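Observations on the model geometry
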Amino acid sequence: MTEQATIIAQMRQLIQILAQHNHAYYVMDQPTISDSEYDQLFHQLKALEQQYPDAVQADTPTLKVGGQALSKFESVTHVVPMLSLGNVFNYEDLQAFARRIEERLPNQTVEYDVELKFDGLAISLWYENGVLTRGVTRGDGETGEDITQNVKTIRNLPKVIQLADGSVPKLLEVRGEVLMPKAGFEKLNADNEARGEKTFANPRNAAAGSLRQLDPNIAAARPLAFYAYGIAQCEPHHGLTSMSASLEWLNQLGFAVGERHFVCDSIEAVQAAYEQINRERPELLVEIDGMVIKVNDLKQQQSLGFLSREPRWATAYKFPAVAALTTVDNIDWQVGRTGTLTPVARLNPVAVGGVTVSNVTLHNIGEIHRLDVRVGDTVSVYRSGDVIPKVEKVWPEFRPVDTVEVQLPANCPVCDSPVVMPEGEALARCSGGLYCAAQRIEAIRHFVSRKALDIEGLGDRWVESLLHLDLLKDVADIYHLHEHREQLLTIEKMGEKSVQNLIDSIEKSKKTTLAAFIYALGIRGVGETTARMLANTFQTLEALKAADLEALKKTPDVGEITAEWILDFFQAEHNLEVVGRLIEAGIHWDAPIAPTRQPLNGESWVVTGTLSTMGRDEATQLLQALGARVSGSVSSKTKCLVAGEKAGSKLDKAEKLGIPVLNEEQFIALMKQHGQIEN
Ligand code: 5U1
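Residues numbered from 1 in each chain as written. Predicted model: local features only at pLDDT ≥ 70, side-chain atom pairs only at ≥ 80, totals over all residues. Heavy atoms only, no water.

Here we come to unusual backbone geometry. Note: most peptide bonds trans; most residues except glycine with negative phi. Glu235 connects to Pro236 through a cis peptide bond whose omega is -5 degrees. Relative to the assigned elements, Pro236 resides in the loop between strand S8 (225–235) and helix H8 (243–252). Not every positive phi belongs to a glycine, and Asn107 is a case in point at roughly 60 degrees. Looking at where Asn107 falls in the secondary structure, it is placed in the loop between helix H3 (91–104) and strand S3 (112–118). Its relative accessible area of 84% is what places Asn107 among the exposed residues. Look at Asp470: it is not a glycine, yet its phi comes out positive at around 65 degrees. The topology assignment puts Asp470 in the loop between helix H13 (460–468) and helix H14 (485–488). (Helix = DSSP H or I, 4+ residues; strand = E, 2+ residues; numbered from the N terminus. Buried < 20%, exposed > 50% of the residue type's maximum accessible area, 1.4 Å probe, protein only.)

Right, dumping it as structure tokens:
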């Protein structure tokens with residue numbers, strides 16, 4: 001053997017031993033050597049690599065860290081979309097799932113593959129010519145983030161693969177989940193606590209937080225593990241015929257798969273497996289939140305296909321939620337950035353399924369009344385998987401004698417403006433939209449946005465600095481910023497030129513349209529189209545301010561609830577004061593052109609997908625110019641859908657509801673017919 005060959009043989013031996021110990025430690029939770037023995041082997045390999053850099057092996061565990069922190073993760077489109085799963089919650093649902101399958105596969109025997117449902121983060125891994133080249137998060141199922149650097153630090157994950165016959169697939173895309181095994185999680189939290197650092201609420205948060213690190217050295221220091229559960233692509237084809245054989249095959253390639261796994265020949269056997277695992281759950285090495293039930297035969301899977309974004313051949317069978325008893329110390333009202341008042345129960349802290357819960361949203365006053373929850377009550381709090389904790393039940397038998405029913409506050413706890421809640425609405429809101437400090441940032445952001453007063457350059461960073469300097473209490477203050485030029489120049493990275501540009505664009509924004517001004521006020525329910533309808537109908541701001549409920553309701557596009565929101569807005573003194581100051585500052589517009597009958601008047605249209613000749617905004621404007629309302633979602637009220645390339649779920653829904661669909665060519669023809677586009 002040459003010296004080089006001897007070195008490589010030594011390296012391969014060390015890599016193999018380290019991989020075995022990683023598997024024993026992270027997957028089996030049964031370390032066979034001590035941590036210091038492991039470190040010795042690791043350093044032996046590292047020393048060899050430093051001495052012989054040309055001989056470093058592609059799958060060495062020492063090379064897992066890319067070294068460089070990224071500035072952001074790149075987006076990656078999944079070649080095969082990463083689907084989500086439907087849910088069943090009880091035996092009846094499970095039987096219905098099986099019935100639907102068996103009806104579609106008449107006279108066929110159906111076997112079910114039953115797997116653990118890991119409580120982690122789904123990812124996709126690419127192996128090109130046997131080498132791990134890419135790791136991508138699930139994201140929205142269509143597009144995820146490239147986390148290759150972090151994925152390469154996961155110790156139980158093979159960095160190179162080879163089939164039993166020594167060949168390597170040209171391409172293999174493996175799907176699975178990254179999680180933090182319970183033992184690693186406990187050790188991480190104990191170590192962090194000892195160092196006085198932040199601990200994680202549960203293994204899922206710890207795994208998610210680790211994978212989201214731009215610096216791969218942080219992910220490398222976290223005990224993450226990858227569990228494979230499927231093959232998305234394989235070239236040449238693997239020749240496998242069942243799900244269970246696929247798992248076996250993946251396992252032989254070096255991937256960890258769930259520590260329990262069943263193949264069941266009836267739905268009763270699936271139920272028994274589910275019940276067994278629910279009992280054994282505390283002994284498992286990893287957190288799970290249910291079981292995944294799949295049709296085992298891959299041909300049968302193919303013939304069952306998909307419904308919308310979910311496979312018909314698989315479902316998640318969730319475990320019942322975990323609950324605990326505690327008492328309500330207080331109920332506070334939080335004002336959100338859009339003015340919504342949300343009641344939050346402050347609880348005597350309680351552990352629910354491994355997480356300490358001390359605050360729980362009660363959503364709205366209706367939910368408070370439905371539960372009849374009061375300060376001092378004993379309540380059951382539950383959570384299931386990563387679901388936000390919830391008050392499930394109040395125990396009236398433990399209620400102290402002096403409790404009082406919870407009332408919606410009459411005034412906003414932040415700005416004291418009246419709280420309003422139109423009949424039939426679930427949410428209460430602060431009416432001080434332009435004035436309330438809680439809503440300030442959102443109100444300003446909306447006011448300066450492109451479709452509103454379009455103040456270029458007044459981005460979020462400027463706004464935050466201006467709020468910090470106390471120069472912006474409400475949107476009218478924008479028009480007084482020029483009086484504070486010296487203070488503006490103290491803001492980091494703001495030189496003479498950028499301050500002047502900002503002042504110029506504020507000045508320019510004073511000439512606007514009534515529709516844009518109404519939209520800019522951020523009145524609840526008043527989007528761009530409604531603002532245009534209001535401007536056309538009332539013609540002046542004075543007429544709009546003076547309009548009563550009946551007059552508002554007669555405006556096209558304004559329903560009962562929006563009419564009430566508009567009325568409430570112009571009845572709040574603070575809002576009138578801010579509007580007055582805006583006009584005083586010089587905001588003005590030409591009288592709107594009186595409305596004419598338009599061909600698509602009042603029709604609801606939706607635009608989706610990518611159009612090759614124009615942006616979606618432009619298509620929207622063309623439709624609006626013909627009187628159409630352009631909505632973001634398809635419903636039974638949609639008149640027509642314009643679908644460009646890669647139209648996803650909206651197209652599926654429109655087809656399901658039988659709504660007419662125009663492709664780009666047909667849409668352009670229609671616009672030409674109405675003179676919106678030149679022939
Ligand atoms: N074990 C397992 N988890 N899990 C999650 N298998 C599995 N399969 C999934 C998902 C989302 O999806 C395929 C059925 C497409």
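Applying the stated criterion to the full structure yields 23 salt bridges. Among the salt bridges present, the one from Asp332 reaches Arg346, with a minimum N-O distance of 2.8 Å. Separated by 14 residues along the polypeptide, Asp332 in strand S14 (residues 322–335) and Arg346 in strand S15 (residues 340–352) bring together distant segments of the chain. By relative accessible area, which is 26% here, Asp332 ends up partly exposed. A salt bridge links Glu560 to Lys553, with the shortest nitrogen-to-oxygen separation between them at 3.6 Å. Overall, the relative accessible area of 45% leaves Glu560 in the partly exposed class. (Salt bridge = Lys/Arg side-chain N within 4 Å of Asp/Glu carboxyl O.)

A separate point is the sheet that holds strand S4 (residues 121–128). Taken in spatial order, the four strands of this open sheet run S5-S4-S7-S8, and their pairing is antiparallel. Edge strands, defined here as strands with exactly one partner in the open sheet, are strand S5 (131–137) and S8. Within the sheet, the average angular offset between the axes of one strand and its neighbour, ignoring direction, is 25 degrees. As judged from the nine bridges shared by strand S7 (residues 171–179) and S8, these two strands associate in the antiparallel manner. The residue bridging Glu177 from the neighbouring strand is Tyr227, located in S8. Against the sheet, helix H6 (residues 203–211) touches S4 and S7, its axis set at about 45 degrees to S4. Contacts between H8 and the sheet are confined to S7 and S8, with S8 contributing the most and set at about 110 degrees to the helix. (Pairing = 2+ DSSP bridges. Axes fitted to C-alpha atoms, helices over the stretch in contact; angles between N-to-C directions. Contact = heavy atoms within 4.5 Å.)

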